[in-house]
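# Structural description and commentary
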Amino acid sequence: MDAASSAYTYSSTTNFINHKHTFTPSLTPKLGSSSISYRKTPNPERAHCAINQTHSILLYPKQTPINPLSSSCSQPAQPKWNLLQKMVAIAFDAVENSITSLENKKQLPKTVDPNVQLAGNFSPVPEQPVTHSLPVTGKIPDHIQGVYLRNGANPFFEPTSGHHLFDGDGMIYAVKLVNGSASYASRFTETQRLVQERSIGKPVFPKAIGELHGRWGIVKLILFYARGLCGLVDCSRGIGVANAGLVYFNNRLLAMSEDDLPYHVRVTEDGDLKTVGRYDFNDQLQGTMIAHPKQDPVSGEMFGLSYDVVKKPYLKYFRFSPDGRKSDDVIINLEKPTMVHDFAITENFVVVPDHQVVFKLSEMVTGGSPVVYDKEKVSRFGVLNKYDPDGSGIKWVEVPGCFCFHLWNAWEVPESDEVVVIGSCMTPADAIFNESNQELKSVLSEIRLNLKTGKSTRRAILSPENDVNLEAGMVNKNLLGRKTKYAYLAVAEPWPKVSGFARVDLFTGEISKFMYGESKYGGEPLFVPGSNNEDDGHILAFVHDKNAWKSELQIVNAKTLELEATVKLPARVPYGFHGTFITADELAKQA
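Cut-offs and rules
- Sequence order as written defines the numbering, with residues in each chain counted from 1.
- Predicted model: local features are reported for residues with pLDDT of at least 70 only, side-chain atom pairs are reported and counted for 80 or more only, and whole-chain, interface and lining totals are derived from all residues.
- Think of the side-chain values as coming from all heavy atoms in the structure, minus any hydrogens and water.
- Secondary structure counts use DSSP, requiring at least four H or I residues in a row for a helix and at least two E residues in a row for a strand, with both numbered from the N terminus.
- A helix's residues, less one, multiplied by 1.5 Å, set its expected span.
- Three labels apply to residues, based on accessible area from a 1.4 Å probe with only protein chains included: buried if under 20% of the type maximum, exposed if over 50%, partly exposed otherwise in between.
- Contacts are assigned to residue pairs with any non-hydrogen atoms lying within 4.5 Å of each other.
- Scored from 0 to 100, pLDDT records how confident the predictor is in each individual residue.
- Whenever a nitrogen or oxygen atom comes within 3.5 Å of another N or O atom, the pair is scored as a polar contact, on the condition that within protein one atom can donate a hydrogen and the other can accept it, and that pairs from neighbouring residues in sequence are kept only if both atoms are in side chains.
- Pairing of aromatic rings covers Phe, Tyr and Trp, the last counted by its six-membered ring, and requires centre-to-centre distances within 6.5 Å; plane angles under 30 degrees mean stacked, over 60 mean edge-to-face, and any other angle means tilted.
- The rule for a charge over a ring is simple: NZ of Lys or CZ of Arg within 6 Å of the ring centre, and within 35 degrees of the ring normal.
- What makes a salt bridge here is a side-chain nitrogen of Lys or Arg within 4 Å of a carboxyl oxygen of Asp or Glu, nothing more.
- A pair of strands is considered paired only if DSSP assigns at least 2 bridges between the two.
- Each C-beta atom gives one direction from the helix axis, and the arc is the one those directions make.
- In this charge count, Lys and Arg are treated as positive and Asp and Glu as negative; neither His nor the chain ends contribute.
- What counts as an axis is a line fitted to C-alpha atoms, over the stretch in contact for a helix, and the angles between N-to-C directions run from 0 to 180 degrees.

## Regarding helix 4 (residues 214-229)
Between its first and last C-alpha, helix 4 extends 23 Å over 16 residues, near the 22 Å set by a 1.5 Å rise per residue. Where helix 4 is concerned, the buried positions are Gly214, Gly217, Lys220, Leu223, Phe224, Ala226 and Arg227. In this structure, the buried side of helix 4 is in contact with helix 1 (83-103).

## Brief notes about the confidence of the model for the protein chain
Of the residues in the protein chain, 85% reach a pLDDT of 70 or more, and the chain-wide mean stands at 84. Contacts from residues 1-70, a stretch scored under 50 in pLDDT, to residues over four places away or in other chains number 172 contacts.

## What to know about the side chain of serine 306
Within the secondary structure layout, serine 306 lies in strand 13 (residues 302-307). A distance of 2.8 Å separates the side chain of serine 306 from the backbone oxygen of threonine 288, its partner in a polar contact. Excluding its chain neighbours within four sequence positions, the residues that come into contact with serine 306 are Thr288, Tyr314, Leu315, Lys316 and Phe318.

## A short note on the packing of aromatic side chains
Two measures describe an aromatic ring pair: the distance that separates the ring centres and the angle between the ring planes. In the structure shown here, the tally under the stated rule is 20 aromatic pairs. The rings of Phe249, Tyr279, Phe281, Phe318 and Phe320 are connected pair by pair, giving a single aromatic cluster. Directly above the aromatic system of tryptophan 396 lies the positively charged group of arginine 380, at a separation of 3.8 Å from the ring centroid.

## Looking at the pattern of salt bridges
In this structure the tally under the stated criterion is 29 salt bridges. When the shortest N-O distance is used, the salt bridge between aspartate 260 and arginine 278 registers 2.7 Å. In this pair, aspartate 260 is assigned in the loop between strand 9 (252-256) and strand 10 (263-267) and arginine 278 in strand 11 (residues 273-278), connecting sequence segments 18 residues apart. The exposure class of aspartate 260 is buried, given its relative accessible area of 3%. Across the pair aspartate 308 and lysine 311 runs a salt bridge whose closest N-O atoms are separated by 3.1 Å. When salt bridges that share partners are traced, they join Asp93, Glu96, Lys202 and Arg227 into one network.

## Some points on the sheet that holds strand 21 (residues 395-398)
Pairing in this open sheet of 4 strands is antiparallel, and the strands run 16-17-20-21 from one edge to the other. One side of each edge strand has no neighbouring strand; the edge strands of this open sheet are strand 16 (344-345) and strand 21. Two elements, strand 17 (residues 349-354) and strand 20 (residues 380-385), share 6 bridges in a ladder whose sense is antiparallel. Among the inter-strand pairings, aspartate 354 is bridged to a residue of strand 20, identified as arginine 380.

## Concerning helix 1
If you check helix 1, its first and last C-alpha atoms are 30 Å apart, about what 21 residues at 1.5 Å a residue would give, namely 30 Å. If you check which residues of helix 1 are buried, you get Gln85, Ala89, Phe92, Glu96, Ile99, Thr100 and Glu103. Buried residues of helix 1, seen end-on, are gathered within an arc of 95° and therefore sit on one face of the element. Of the exposed residues in helix 1, the ones pointing more than 90 degrees away from its buried face are Leu83, Leu84, Met87 and Ile90. Its buried side turned inward, helix 1 meets helix 4. Between a side-chain oxygen at the N-terminus of helix 1 and the backbone nitrogen of leucine 84 the separation is 3.1 Å; the capping residue is asparagine 82.

## Brief notes about the side chain of lysine 176
Here lysine 176 is to be found in strand 6 (residues 170-178). Of the side chains with opposite charge, glutamate 269 lies nearest to the buried lysine 176, which makes no salt bridge, at 6.7 Å. Side-chain polar atoms of lysine 176 contact the backbone oxygen of glutamate 269, separated by 2.6 Å.

## Describing the sheet that holds strand 28 (residues 500-505)
Hydrogen bonding along the main chain pairs the strands of a sheet, whether they run parallel or antiparallel. Across the sheet, which stays open at both edges, the 4 strands sit in the order 26-27-28-29 with antiparallel pairing between neighbours. In this open sheet, the two strands that pair with only one neighbour each are strand 26 (470-474) and strand 29 (511-515). The sheet shows a mean angle of 30° between the axes of neighbouring strands, direction not considered. For strand 28 and strand 29, the ladder comprises 5 bridges, and the chain directions are antiparallel. If you follow valine 504 over to strand 29, its bridge partner there is isoleucine 511.

Rendered as structure tokens:
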């Protein structure tokens, strides 16, 4: 069987990921084979996350089984329940199974339908132990010495009901690059959620987006807390998935999602990954932390936010000194619990978005999603001095109709008393979470906040003839918070796949594109600086060939946009989220 046809094969062998096999009745299996092949299946790459798109088939591509002895996952210990607890667990499971059965009688929205969210190269993979001496085409640049890591959502258990792409368990994919040679490994981040579910043998923690909608979502939430009261699960040790961001700070690699504390993950000497544990900065961080903290390249400090969807204060800001000492929380008063996925820093300020995507738990009672677009609310940005002891000095500037899921940079313009913010403005604002017939657009924008007048302006950086969806990317991290000329952003077309990346001149709007190749799609481009020149460096990105059903790491010169090296990977890398690069010198100083 060739590589292309393997994309249409469902292995009958259970791998280390404990998936239950489900089959689509409309597809006819071929007989007389060790695996089950489907005839005339829809292209798995037509799977689209979080938007109204053509329905696709949930596909778990054939994978070589992983030997549990070679996995970084500790072997799951059986839960130590007494007889009463075992009986209660059986009763709870029966109730939950009945709820799931009722739920599955209805057509799920595509935003939470696992057949859409996890199809094609969005589908999960097993762990991959370290493989050394990978094939390299071209020459890996001499200054790239260290490890490239990217985070992503990779569900350990196959979903039984609603599932959003953001709900999957965190897995880190790592390529270590040393003196022109490359090795690869991928491992789950051993969150307390994953550890407990593996021990129990089934998913019991509710999925924040995929399951917590409508009345059945409320019932599942009640069941979860009832399990906690009965000692069947321990919610006090965290419920997060650690699947979104990665940051290297104070000699620690931290895997992050905004529903929990970060997790400390160590890169071993041979390029493997090992979870150290949930990290609270030595008892200093008591709550959640969003997955996009900002590191000041000059001061070495790290700045973060934490939001609450239930009780006030809905938003808190804090910072860490270079050696990991946390400041007191600064309360930022918001009227409603708001999704604050990202923010920005300048040399002196922190810039906080207060947009129109809010949490409204009462929507669940009427059958809706708790993540909603509030059309009565006016989007705004708050500008606060980084070192203010409280939030009383924050200056709010309204920017109507603006929703930026990600902000790429910000800087100050002292002569006009303005702060410039660079971000991608997305419409519809809640398209990632709620089904919509409107075409999704992500417009790279310059937003100017006048701190003297309290007014704002907003302009599209690209001209109409060059308009393209740009999402996920970065500026040169050595200039974060300062005026930058270039941004390197994913060309998110056909949405939500990424066909290449663009280097954009933020002042002229000039755009230069590098496309990954025919039938190839990737994700976030990561800029690794070279010399002191802003655009001197290389772009690293995982790329998947949908026809060959193989993955590779591409290394592209950021200035010339020429492909300089390709590392062939031993396993498929699903589309994912955000990454980082740790230099060899930094690796040697890991805590």
